[in-house]
Every structure is written in C-alpha cells, then in structure tokens.
2 protein chains.
Amino acid sequence: MKALVVDDDRVLADVVAFTLRREGFEVIQAHDGQMALQRWREAQPDLVVLDVNLPKIDGFTVCRQIREQSDTPVLLLTVRDTEDDIVHGLGLGADDYITKPFSPRQLVARAQAVLRRTGKAPTPAVRRVGPVTLDPSRREIRIGQAEPVLLTPLESQLLDYLMLNAGQVLTTEAIIEHVWGPAGGDRDMLRQLVRRLRSKIEPDPATPIYIETVSGLGYGFVKPLADSQ
Amino acid sequence: MKALVVDDDRVLADVVAFTLRREGFEVIQAHDGQMALQRWREAQPDLVVLDVNLPKIDGFTVCRQIREQSDTPVLLLTVRDTEDDIVHGLGLGADDYITKPFSPRQLVARAQAVLRRTGKAPTPAVRRVGPVTLDPSRREIRIGQAEPVLLTPLESQLLDYLMLNAGQVLTTEAIIEHVWGPAGGDRDMLRQLVRRLRSKIEPDPATPIYIETVSGLGYGFVKPLADSQ
DNA sequence: TAGAGCCATGACAAAGCTGTGACAAAAAAT
DNA sequence: ATTTTTTGTCACAGCTTTGTCATGGCTCTA
C-alpha cells in the first residue's frame, strides 16, 4: 500500500511519513506541487496526503489534477482556521481533510477510513494468529474462549507489530523504533513493555508460549505449527 | 438511501454531498435545473437538496415539477435575505429550507428531519440499541419502560452518533468533529458532555453501562450481547 | 572463577488521562 | 430585561500508563 505525502514543511512531512510507515505504508514524499504530480505519476500511490499550501503549484491544483486523471483518494492538510480551504478542497474532490495541528493517531484513522470508504481497504478489523485475536481498535485481546483482556496503547502497538510478523524474530532496534519512534525508547523500556504484555497474555509469564525471546536479537511472536507459505 | 444534490455552485454541492455521504447517503449531483430533473427521474432519490438559484430551469420550477410527479421530499437552499424565496418555496411544496451559509450539522439535521417527517424515514424516527431508544427529533431518550428523559441538543447529537456506531469505539477526535464541526471543540468539552449525558442516562454514572470509555482512544456505545462477527 | 553482557523482575516515580464539581459565559425562553 | 437552560472553562483528585532504577540469574569467555 503506497502513500504519497506532500508538504512544504519537511519536518511535518517526515512526521507524517513516519507515522504512515509505522502502519505498513510505503511512503514517497514531495515538497512542492510540481514534484507531487511527478511523483504521483511515477509511483501511482494508493493514497495522497496533501498540504494545501505549496510552492510552485498549490495544493488545490494538485488535487484537481490528480482527480482529473484518477480516483486516487486524497487527504487534505489544512490550517484550522481556514474553513474556506476545506470547502474548496472538498469541492475539488478531496476525500477528507485534517486540520493542523493533528495527532498521528488521527491521521492514521482518517487515512484508513478513506481507504476503507473508497474500497481500497486493506484494513482488517482484527489481527489473528492461531488462537490469539487482537482488536487494535479496542486494544483488546482474546485468547481462545477466554475473557478478553484490555491492553494499554503501547502494549497493543507492540503486540500488533509482533503478530503482524508472527513467526519471525524482530530485533530490539526495529521494535523500539516501531513502538516509540526514531527518537525515543531504549532496551529497558522494551523489556518492561514485554514483561507487562506477557503478564497479561501468557498463562505463565515465566515460561512464555506466545512471545519468545531470542537472546542477543530480539523478540518474536510464535506461530503455531502448521506451516504454510 | 439516495439523495440528489442540486446546486449551481459545484464547490458547495460537493460539500453538501460530502456531508451527506458521511451520514450514509448515496449522493447524486446535478448542476442545473434540467440536469436535476433528468437525474431525479433516473435515480429516484429519497431526498432532494435543491438550490433555488439555478441556470436553465430555476429551482422553484424544479421543485414544482418534482412535486407534481411524486412526493419526494425537497429541501431548499436559499440565501439568508430572500425571505420571499422561502415563502415561495414552501408554497410550492418544499418540505423545509436552509439559508446559506449553513453548517454541516444543520444540513444533516434538517435532511433527516424531513425524511422522518415525510415518513420515508430511513433514519427511522427513533434510534434503538438494546433497551435504549433515542428520538432525535424530540431529543428524548427512553430506557426500557422508564420515563423519557429530555436531552440538550449537543447531548442528543452525541448520543445519536454513538448509537449509530454502537459496538465500535470512536476516537475523541472523530466525535469532537462530528459534534462541534471541524473548527470547534476540545477534549474538555467532550468530557463534560459525556459526563452530562451519562448523568442523564446511566443508572449509576460512576459505573457506566451504556457509554464506555476506552482510555487514550475515545468512547463507545456498548452493544448488548449478540457478538459482532 | 571472575567479569561482562543480556534478560527478567520488582518497586517506585513521573507523566498522562479521565471523572468531577464549581462557576462563568452564552444562548434561549419568558 | 430578567430568568432559566445550556454550554464552556478551570482546577483538582484518582487512577492508569509509562519510564527509571536497582537487583539477581544466566550464559559465555578469559
């Protein structure tokens, strides 16, 4: 699932890109309107996140051009006050908008909502591996027929990542970056997080059966026998 | 539920369309009177949102024609000052009117009110989840056989949204935007609103059984047993 | 056998989020 | 114009979640 992020402000663009990558998107960036159109043609993304304030060619024009040539969903970034922008943008066929400043969570929610709405949806409601079912929207995990257990945001994030890559071992660095972002997080925090997660989902946290530790490498979610692919 | 949106101003038409889609309508557009009549015949919408200022054939004529051939509800869009238009329009059988500029919230409220009133109610007169019944038109809620309780406009709006998505957890951002619109509203306001709503509908507001909180995410209206998927 | 590295654990502090009550401002009703 | 209702703002308390630190066990190696 490819996303094109277009913003003049590189810092913001990076933040957006990072957030989307964390959700499994492959992200391409552009920093002005001209570049945006070019990249869009090259890469044919499944989603465009577009700031309206752009040098060279402004966001509205970009949006219109894209819309003329395809139905790629477009998500607009606007400043809070400028309702006109919103109206104008939606008029040009944008699929939704977000007002700055916005939280990463909000961005992801909108992006997925747009994809779902336009039918390009690769957004499964729940993640399942063997008997373990995670519902990220509620941060709720259920194992077999047992009572569901509520997870904290970080726990849910971690488990989601591990389950997404079930059967593989992920390095601590990769996990830390995925959960806390490029700037924050250290080994100790991850250890604690794993610990807390295990204490919620493992029958016996001392001898884990779902989350395995590979010393010197990292952690993995074990896939129950019955290989395929 | 199909809606036909007729407006010369494409930007505005798109905004209206967007707003209605968000409420679950399937939306068709037309940009002049002639097109409007044609589309109306083709698509047989359940609701027409009609600007009175139209090229080729003006809105009043369109309204009259539609009304001659069916009882499809018609919602007029007029400019604030022209009271004559309103009188004229209602005289021709329009079901309600909105003066520009208007808020999305207002539009949706009117649209659903009109549908309800004319009995085509796709938005059934009331919204029901388990033992809880909300009548948005009266802003009245009844739980089981208990006495109905009156809600304030915002409370009703919030509850309606939550009940519409019963069983799901909605993010605070989404709720705020739905209730207050893109520009207004913060977490504090939502907290208060939830609080006031709970104090009216929960037997014991301290341990809510209808409106659940998911910390860090948002709120949801709990669906009584009968698992979803 | 001692030391280094890695991991699990427990206890505790810091930060964040939610619920609450009181009150001010705004809107609606009279 | 005044009263009542509704909505918004603020500060605080309690809980949850997260981060930090210290300790002990284990394995590997010199």
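Residues numbered from 1 in each chain as written. Chains lettered and ligands numbered in written order. Predicted model: local features only at pLDDT ≥ 70, side-chain atom pairs only at ≥ 80, totals over all residues. Heavy atoms only, no water.

Right, let's get into the protein's contact with DNA strand C. The full set close to DNA strand C counts 18 residues, and Gln192(A), Thr213(A), Gln192(B), Thr213(B) and Tyr219(B) are the nearest of them. At the protein interface, 44% of the atoms of DNA strand C within 4 Å belong to sugar or phosphate. Take Arg195(A): an N or O atom from its side chain is 3.2 Å from a base nitrogen of DNA strand C. In this structure, a phosphate oxygen belonging to DNA strand C sits 2.9 Å away from a side-chain N or O atom of Tyr219(A). For the surface near DNA strand C, the elements supplying multiple residues, two or more each, are helix 8 (187–201) of chain A together with helix 8 (187–201) of chain B. Here the surface near DNA strand C is built from residues that sort into four nonpolar, eight polar and six charged. (Near = heavy atom within 4 Å. Polar contact = N/O pair within 3.5 Å; in protein donor to acceptor, adjacent residues only side chain to side chain. Helix = DSSP H or I, 4+ residues; strand = E, 2+ residues; numbered from the N terminus. Nonpolar A, V, L, I, M, F, W, Y, C, P; charged D, E, K, R; others polar.)

On to the pairing of strand 3 (residues 47–51) of chain B, then. Residues and elements named next belong to chain B. Within strand 3, five of the five residues are buried, leaving the element largely enclosed by the surrounding structure. Along strand 3, one buried face is formed by Leu47, Val49 and Asp51 and the opposite face, lined by Val48 and Leu50, is buried too. Strand direction decides the pairing type here: strand 3 and strand 4 (residues 74–79), joined by four bridges, are parallel. Counted as the bridge partner of valine 49 is leucine 75 from strand 4. Note on the crossover from strand 3 through helix 3 (residues 59–69) to strand 4: the handedness is right-handed. (Buried < 20%, exposed > 50% of the residue type's maximum accessible area, 1.4 Å probe, protein only. Pairing = 2+ DSSP bridges. Right-handed = clockwise from strand over helix to strand, strands pointing away.)

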